[in-house]
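A structural walkthrough
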Amino acid sequence: MRPAPLAFADARADLQGAEFVIFGVPFDGTSTFRKGSSLAPEKIREASYNFETYIFEQDIDLDDVPVHDAGDVECSGGVKEVLGRVRDFSSEVADSGKIPVAIGGDHSFTPAVVESFDDIGVVILDAHLDFRDSYEGEGLGHACTTRRVSEVVGIDHVIPVGVRSFSREESTDAKDLGLSYIPASEIFEKKLMASTARKALSFVERSDIYLSIDMDVVDPAYAPGVGNPEPFGLTADQVRELIDLLGSRLVGVDFVEVSPPHDCGTTALLTARLIREAIAVMKKAHR
Ligand code: MN
Ligand code: MN
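Source: prediction; values computed, not measured. All residue numbers refer to position in the chain's written sequence, counted from 1. Numbering of ligands from 1 and lettering of chains from A proceed in the order in which they are written. Under the rules for a predicted model, residues below a pLDDT of 70 receive no local features and side-chain atom pairs below 80 are neither given nor counted, while totals for whole chains, interfaces and linings still include all residues. No hydrogens and no water enter the side-chain calculation; it runs on all heavy atoms of the structure.

For Na, K and Ca the donor cutoff is 3.2 Å, while for all other metals N, O and S atoms count as donors only within 2.8 Å; water does not appear among the atoms, so some sites may look incomplete. Here the manganese ion (ligand 1) is held by Asp126 (OD), His128 (ND1), Asp214 (OD), Asp216 (OD) and Asp216 (OD), and the distances to it run 2.0 to 2.6 Å. Positions of the donor residues of the manganese ion (ligand 1), expressed as sequence spacing, correspond to D-x1-H-x85-D-x1-D. What makes Asp126 buried here is its relative accessible area of 0%. The cut-offs for exposure are 20% and 50% of the maximum accessible area for each residue type, with area from a 1.4 Å probe on protein chains only; residues under the lower value are buried, those over the upper are exposed, and the others partly exposed.

Time to look at the sheet that holds strand E5 (residues 99-104). A pair of strands is labelled paired if DSSP reports no fewer than 2 bridges between them. Numbering of helices and strands runs from the N terminus; a helix is a DSSP stretch of H or I covering at least four residues, while a strand is a stretch of E covering at least two. Read across the open sheet, the 8 strands follow the order E4-E1-E5-E10-E9-E6-E7-E8; overall the sheet is parallel. One side of each edge strand has no neighbouring strand; the edge strands of this open sheet are strand E4 (67-72) and strand E8 (182-183). Bridge count between strand E7 (residues 158-163) and E8: 2 bridges; the pairing is parallel. Bridge pairing links Val163 to Pro183 in E8.

The subject of this paragraph is the side chain of His128. Tracing the backbone through its elements, the reader meets His128 in the loop between strand E6 (121-125) and helix H4 (145-153). A polar contact of 3.0 Å, which involves the side chain of His128, links it to the side chain of Asp216. Think of a polar contact as two N or O atoms within 3.5 Å of one another; within protein, one of them needs to be a possible hydrogen donor and the other a possible acceptor, and neighboring residues in sequence only count if both atoms come from side chains.

With respect to the secondary-structure elements, Arg273 resides in helix H9 (residues 266-286). Of note is the side chain of Arg273, whose polar atom sits 2.7 Å from the side chain of Glu277. Contacts are assigned to residue pairs with any non-hydrogen atoms lying within 4.5 Å of each other. If we ignore the near neighbours within four places in the chain, the residues touching Arg273 are Phe51, Ile55, Glu57 and Arg240.

This paragraph deals with the packing of helix H8 (residues 236-246) against H9. Running from N to C, H8 and H9 cross one another at 20°; their axes reach a closest spacing of 9 Å. With respect to each other, H8 and H9 are oriented roughly parallel. Of the two possible hands of crossing, H8 and H9 adopt the one that is right-handed. Listed contacts from H9 to Ala236, Val239, Arg240, Ile243 and Asp244 of H8 are Leu270, Arg273, Leu274, Glu277, Ala278 and Val281. Basically, the charged four are Asp, Glu, Lys and Arg, the nonpolar ten are Ala, Val, Leu, Ile, Met, Phe, Trp, Tyr, Cys and Pro, and anything else, Gly included, counts as polar. Of the residues belonging to the contact of H8 with H9, the class tally is 7 nonpolar, no polar and 4 charged. Fitted lines through C-alpha atoms serve as axes, helices being fitted only where they are in contact, and the angles separating the N-to-C directions of these axes extend from 0 to 180 degrees. Note that the term roughly parallel is reserved for angles under 35 degrees, roughly antiparallel for angles over 145, roughly perpendicular for angles of 65 to 115, and oblique for everything else. A clockwise turn of the near helix away from the far one marks a right-handed crossing, whereas an anticlockwise turn of less than a right angle marks a left-handed crossing.

That is the geometry; function is a separate question.
Structure (structure tokens):
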């Protein structure tokens, strides 16, 4: 691990005493369209200083929550080596009963964090299905995240939510292998986020949930600075509401695909705020 130039705001606990452990994965080696997510952990940490420590809706003051910022995973070498380091560190965190909060980087590392847990369900908020078996010859890339996660936890225990883009081949594979997903259009039809959260939880059939948030699930109007922006997405508030609804079940979270070179600062700010929201709702549930 490498120390971050600036720690996430209010992350003042040491590792030993922490309930939440933030770490960055500044790796964009598998990005396919707009690179730059390797710069996201730093920009999101900077943006985190914009906000009040008190999150009034949750009645939680982050000043009172033991959060540790462990810095960044060393990201030299290829994707396989990076994933190995992520797996080692997140296992250490999870094995000691702490909650990992990972900041990407591209979406490729999520399966490595998921491997740190037993018997979990995985909810993935993403504009894309990420269900390719391989993409441009790479099976560990960010276009294959859901596929690899399904191989770790089983196809019945993973569900992408907010989806609005996939290839014909991914569609066929999803049908053949039995992958369920919730399209963004269905969320808009139902209006209430509670029914989406309920459906996602009933699909994954597990009490402990890992939540992976590819920031491109949010509409580019709210989150323009991502690697693969996709119109017709969720509002920022809908994503926050989903985090609130899933909060009591979460054992780990990640936030990926923010690309600062394509951002006006808005996406990093939103991500920092959603990270603070996630920590607050998890703390509220566990206290
Ligand atoms: Mn995506
Ligand atoms: Mn993704």
